[in-house]
Each structure stands twice: as C-alpha cells, then as structure tokens.
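Listed here are the chains, written in short residue letters.
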Amino acid sequence: MSKINLKQLFEGLQNQMVAQLNTNREFITHPGSKGDSLENAWIEWLQKYLPNRYSVDKAIIIDHEGNTSQQIDIVIYDNWFTPFIFSQNGFHYIPAEGVYAVFEVKPDIQGNVGDKSYIEYAAEKIESVRILKRTSTDMINSGRVTPARPLTKIIGGILSSTNSFTHKNNDTIIQHLSGQEGLKSIDIGCIADYGFFYIDYKGEENTQEMNFNTRIVDYYNNRGIENITFSNSESSLVSFFLQLTNYLQQAIGTIPAIDLNAYSKTIGFKIDKEL
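Residues numbered from 1 in each chain as written. Predicted model: local features only at pLDDT ≥ 70, side-chain atom pairs only at ≥ 80, totals over all residues. Heavy atoms only, no water.

J.: Summarise the overall build of the chain; cite the residues concerned and give the values.
T.: A tally of regular secondary structure across the chain gives 7 helices and 13 strands. For 275 residues, the compact-globule estimate of 2.2 N^0.38 gives 19 Å, and the chain sits close to it at 20 Å. Summarising its shape, the C-alpha atoms of the chain cover approximately 60 × 60 × 40 Å along the three principal directions. Classification of the 275 residues of the chain by burial places 46% in the buried group. Look at the contacts in the chain between residues 6 or more apart in sequence, and 72% of them connect residues 24 or more apart. Carbon and sulfur atoms make up 49% of the accessible area of the chain, which amounts to about 14500 Å² in all. Across the chain, the centroid of the 24 positively charged side chains sits 3 Å from that of the 32 negatively charged ones. (Helix = DSSP H or I, 4+ residues; strand = E, 2+ residues; numbered from the N terminus. Rg over C-alpha atoms; globule rule 2.2 N^0.38 Å. Buried < 20%, exposed > 50% of the residue type's maximum accessible area, 1.4 Å probe, protein only. Contact = heavy atoms within 4.5 Å. Areas by Shrake-Rupley, 256 points an atom, 1.4 Å probe, with all protein chains shown as cover. Lys, Arg positive; Asp, Glu negative; His and termini not counted. Charge placed at Lys NZ, Arg CZ, Asp CG, Glu CD.)

Structure (structure tokens):
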C-alpha cells in the first residue's frame, strides 16, 4: 500500500492559503483601502476553503425586534435554512438565527481603537451580536415534527496579519484575551505570521432553563477560561481552518429553525403553519 506525506500536503496547503490571503492586500497603501482590502482578503480566503454550505460576508446582524449589532467585518452564516438576507445600500442585514461565527479583522493583533485594545474592540463587536434575541421553533425532519432546539453558540474571534507586541510570546495576548468575559469572550483567533489560538472554556448550559435566550446568555456569563492553546507560525492558517471547521460541523452543526412569525408580526401578518 502506497502512502502520501500528509505533513507535506498540509505545508503546501498553508503556502496556498498565505498566497491567497496576500493577493488582494499586497499593493494597497491607503489606510482605508488597506483595511477594506484586508477584510476582503480574509472573506475570499474563507469563501474558498470553507464548505459551500457556509456563506461569508461583511454584515450587520438583526433580530426580530429590530435590534442591530455593530457592523461586523466577517460573518459566517447559513443561507439554506435562513430564508431572507436583506441587502440595502451596500449592506447585508442577516437575521441573528442564521449566524454561525463573527470576526473582527485588524492588520495587527497589537493596536488600539480609542482607549480600547484591538482585542477588547473585537470583543465588544462580538457582544453586540450575541446579545441579540434569537428565535427557535419546531421543524419537520424526515417527515416528523421535531421540537424547537436550544440556541447554538456563536463563535467570536479576531483575525490579523502580524503581531507587533514588544514581547514576542503568548503572554501579552493571553492577558488581553483573559480580560474579555461573558458575551464579550473570544473563542478563536489567527495571526497569519505568528500563529493560531483557541480558548477552552469550562462551564455548561443549564438544560433545565427552557427560555433559550436566557439559557445561552447565562452560559456565556458563567463560563471561564480553562486553557489557551497556540499553534506554531508555520501552520497558523491550516490550524485555524481545521479548528474552525470542527467547531462549525461538530460543535454547532445545523442552526435552529427560525420562527418566521416573530418576523412577520412587524408587517402585521400572521403565517398559517398548516396546509
């Protein structure tokens, strides 16, 4: 039986990913254009490598009460079971029920927006999505009605090209990540030329709580960091891709079914669920 060197295949994939990520940003010098180019580069990178069931865009997230998130650089969302995505004046508005993951994109993991570090700024944007109210309703699966399922976690992360912290070790990054708690907590991040990281949390959902919004918010507020793991720089993008895909497919799976009546109330219409 012949064998192939998987390590070399992954190294080749890493090189392809780096080239893809660099394509759209290498020759852009204007700060505003450079930011847009960087976001677009990550979006195109994710669109290329993630399975087709996942859509990737810049967007604002909305809920059935009309609440909105901050503008999110990258949203990974469902467009199979989420029946409407609004596009207006160049913006996508995505129902909160359809969101799998959100990311803030910065050129450097080190930096500030006003008095907030990039990591804290990313955490606040993540919070603005997680705080939205999501619906969940029964659905038909294989001809049988299945009850509404609990809300899934929304992955929150930060993506950057480099690490300019004075001390080139993990300690400073860990310190910043450890300061983000509750709905602001960060799950995952990638620094293209430095490494990928993910955070293990301890804490479980209270399965006795049947208000699913309360249940998921309580989960975030009560979980705590157990461990933060970093990859090496040579496999940053591949490690990020593998872990993200595992989260999407194994930890989250399919999003809950959206309650369309919660949205149709805004136009004074009630949907008939029976034929």
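J.: Which residues make up the nonpolar core, and what values do they have?
T.: Where a protein is soluble and globular, its nonpolar side chains tend to be buried together. Counting 36 residues, the largest nonpolar core has Ile61, Val75, Val99, Val102, Ile173, Leu177 and Phe197 as its most contacted members. Mapped by element, the contributors of at least two residues to this core are β1 (54-62), β2 (72-78), β5 (99-108), α3 (118-130), α4 (171-178), β12 (195-202), α5 (212-222) and β13 (224-230). The greatest single-element share of this core, amounting to 6 residues, is contributed by α3. In contact with phenylalanine 197, other than residues within four places in its own chain, are Ile158, Ile173, Leu177, Ile186, Ile188, Gly189, Cys190, Ile228, Thr229 and Phe230. Ranked by size, the runner-up nonpolar core spans 33 residues in total, among them Met17, Ile155, Cys190 and Ala192. (Core = buried A, V, L, I, M, F, W, Y, C linked by side-chain atoms within 4.5 Å.)

J.: Got a sec to walk through the pairing of strand β4 (residues 91-95)? Specific residues and values, please.
T.: Bridge count between β1 and β4: 3 bridges; the pairing is parallel. Bridging from a neighbouring strand, isoleucine 62 pairs with proline 95 of β4. Alignment of strand β3 (residues 86-88) against β4, held across 3 bridges, turns out to be antiparallel. Following the sheet pairing, glutamine 88 is matched in β4 by phenylalanine 91. Where β3 folds back onto β4 in an antiparallel hairpin, the turn is made up of 2 residues, including asparagine 89, whose phi is positive at roughly 55 degrees. (Pairing = 2+ DSSP bridges.)

J.: Please set out the pattern of salt bridges residue by residue, giving values where relevant.
T.: For side chains of opposite charge, pairing can occur when their charged atoms come near one another. Applying the stated criterion across every chain, the model contains 12 salt bridges. When the shortest N-O distance is used, the salt bridge between aspartate 115 and lysine 116 registers 3.8 Å. What makes lysine 116 partly exposed here is its relative accessible area of 23%. With a shortest N-O distance of 4.0 Å, glutamate 124 and lysine 116 are connected by a salt bridge. (Salt bridge = Lys/Arg side-chain N within 4 Å of Asp/Glu carboxyl O.)

J.: Account for the environment of lysine 270, with residues named and values stated.
T.: Along the chain, the position of lysine 270 falls in the segment after α7 (260-264). A C-alpha to C-alpha distance of 9.1 Å links lysine 270 and leucine 260, two positions 10 residues apart in sequence.

J.: Which residues make up the pairing of β2, and what values do they have?
T.: Across the 7 residues of β2, 7 count as buried, placing the element largely inside the fold. Bridge count for β1 against β2 is 5 bridges, and the pairing is antiparallel. The residue bridging valine 56 from the neighbouring strand is isoleucine 76, located in β2. In terms of strand pairing, β2 meets β5 through 4 bridges, oriented antiparallel. Among the inter-strand pairings, isoleucine 74 is bridged to a residue of β5, identified as phenylalanine 103.

J.: How would you explain the packing of aromatic side chains if you had to name every residue and give the values?
T.: Enumeration over the complete set of coordinates arrives at 13 aromatic pairs. Linked through ring pairs, Trp42, Trp45, Tyr49, Phe103, Phe196, Tyr198, Phe240 and Phe241 together constitute an aromatic cluster. Directly above the ring of tyrosine 219 sits lysine 153, whose terminal nitrogen or CZ lies 4.9 Å from the centroid. (Phe/Tyr/Trp six-rings, centres within 6.5 Å; stacked < 30°, edge-to-face > 60°. Lys NZ or Arg CZ within 6 Å of the ring centre and 35° of its normal.)

J.: Before we move on, can you summarise a nonpolar patch on the surface with the specific residues and values?
T.: There is a patch of nonpolar side chains on the surface, built from Ile4, Leu6, Leu9, Phe10 and Leu242 and spanning about 490 Å² of accessible area. Per-element accounting of the nonpolar patch gives the leading share, 3 residues, to helix α1 (residues 6-23). Relative to the assigned elements, leucine 242 resides in helix α6 (residues 236-252). (Patch = residues over 30% accessible without salt bridge, like charges linked within 9 Å, V, L, I, M, F, W, Y side chains within 5 Å.)

J.: Break down α6 for me, citing the residues and quoting the values.
T.: Given a rise of 1.5 Å per residue, 17 residues ought to cover 24 Å, and the 23 Å separating the end C-alpha atoms of α6 matches this to within 8%. After α6 finishes, the residue glycine 253 shows a positive phi value of roughly 75 degrees. (Expected span 1.5 Å × (residues − 1).)

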